[in-house]
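Secondary and tertiary structure notes
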Amino acid sequence: IIYPFLGIRYVIVTKDIQAERQLPVDYGAYLAGQEGEPAVVKGSPAEKAGLRQGDIILELNGERIEPARTLASLISKFKVGDTVTLKVLRGGETLALSATLEERK
């Protein structure tokens, strides 16, 4: 089985996470490293697309990311080699970034 891979570590944003981390939105995927691991995997599609620690991915191909529709579940609908569009909140600015999914190694 081949899985599409973006190459990020994230926390799904809820109202509790929004309050705890003082985030400007209550939905999305907040890019955060864990236990010494970076939020964005070096050399990954996410790094190539320009994603950074602290970014919040709000949508993938126009679908809003929330607890009932996680980023992982949305990515699983795609194949290796597919290009996806990410709506990203960075600081106060909304960006549209594209990433081409690769095979998870």
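Fair warning: this is a prediction, and the values are worked out from it, not measured in the lab. (Residues numbered from 1 in each chain as written. Predicted model: local features only at pLDDT ≥ 70, side-chain atom pairs only at ≥ 80, totals over all residues. Heavy atoms only, no water.)

1. Describing the side chain of serine 44
Short version of the rule: Here a strand is any run of E in DSSP of at least two residues, a helix any run of H or I of at least four, and the numbering for each starts at the N terminus. Under the rule applied, a polar contact is a pair of N or O atoms within 3.5 Å (in protein, one hydrogen donor and one hydrogen acceptor; residues adjacent in sequence only if both atoms are side-chain atoms). Throughout, a residue-residue contact means that at least one pair of heavy atoms, one from each residue, lies within 4.5 Å.
Along the chain, the position of serine 44 falls in the loop between strand 3 (29–31) and helix 2 (45–49). There is a polar contact of 2.6 Å between the side chain of serine 44 and the backbone oxygen of valine 41. Ignoring any residue separated from it by four or fewer positions in sequence, one finds serine 44 in contact with Phe5, Leu6 and Gly7.

2. A few points about the pairing of strand 6 (residues 83–90)
The two faces of the sheet receive side chains in turn, since in a regular strand these alternate between them. So the rule is basically this: Two strands make a pair as long as DSSP finds a minimum of two bridges between them.
In the sheet, strand 4 (residues 56–60) pairs with strand 6 via four bridges, with the strands oriented antiparallel. By the bridge assignment for strand 6, leucine 60 is matched with leucine 86. Judged from the eight bridges that link them, strand 6 and strand 7 (residues 93–100) form a sheet pairing that is antiparallel. Its bridge partner being in strand 7, threonine 85 is matched across the sheet by serine 98. Linking strand 6 to strand 7, which pair antiparallel, is a turn of two residues; within it glycine 91 sits at a positive phi near 65°.

3. Re the nonpolar core
If you look at soluble globular proteins, the nonpolar side chains tend to sit buried side by side. To keep it simple, the criterion reads: What is meant by a nonpolar core is a set of buried Ala, Val, Leu, Ile, Met, Phe, Trp, Tyr and Cys residues, joined one to another through side-chain atoms within 4.5 Å. Residue burial is assigned from relative accessible area. The probe radius is 1.4 Å, only protein chains are included, and a residue is buried under 20% of its type maximum, exposed over 50%, and partly exposed in between.
Grouped together as the largest cluster of nonpolar side chains are 24 residues, with contacts concentrated most on Leu6, Ile8, Leu51, Ile57, Leu60, Leu71 and Leu86. For this core, the secondary structure elements donating two or more residues are strand 3, helix 2, strand 4, helix 3 (71–75), strand 6 and strand 7. Formed by 11 residues, the second largest nonpolar core is a distinct cluster that contains Val11, Val13, Tyr27 and Leu89.

4. Some thoughts on the side chain of arginine 90
Take arginine 90: it is sitting in strand 6. Side-chain polar atoms of arginine 90 contact the backbone oxygen of glycine 50, separated by 2.7 Å. Those residues within four positions of arginine 90 in sequence are excluded, and the remaining contacts are Gly50, Leu51, Arg52, Asp55, Leu95 and Leu97.

5. Examining the environment of leucine 95
Mapping leucine 95 onto the fold places it in strand 7. In this structure leucine 95 comes out as buried when scored by relative accessible area, which is 18%. Each C-alpha atom, one on leucine 95 and one on serine 73, is 22 Å from the other, the two residues being 22 residues apart in sequence. Dropping the residues within four chain positions of it, leucine 95 is found in contact with Leu86, Lys87, Val88 and Arg90.

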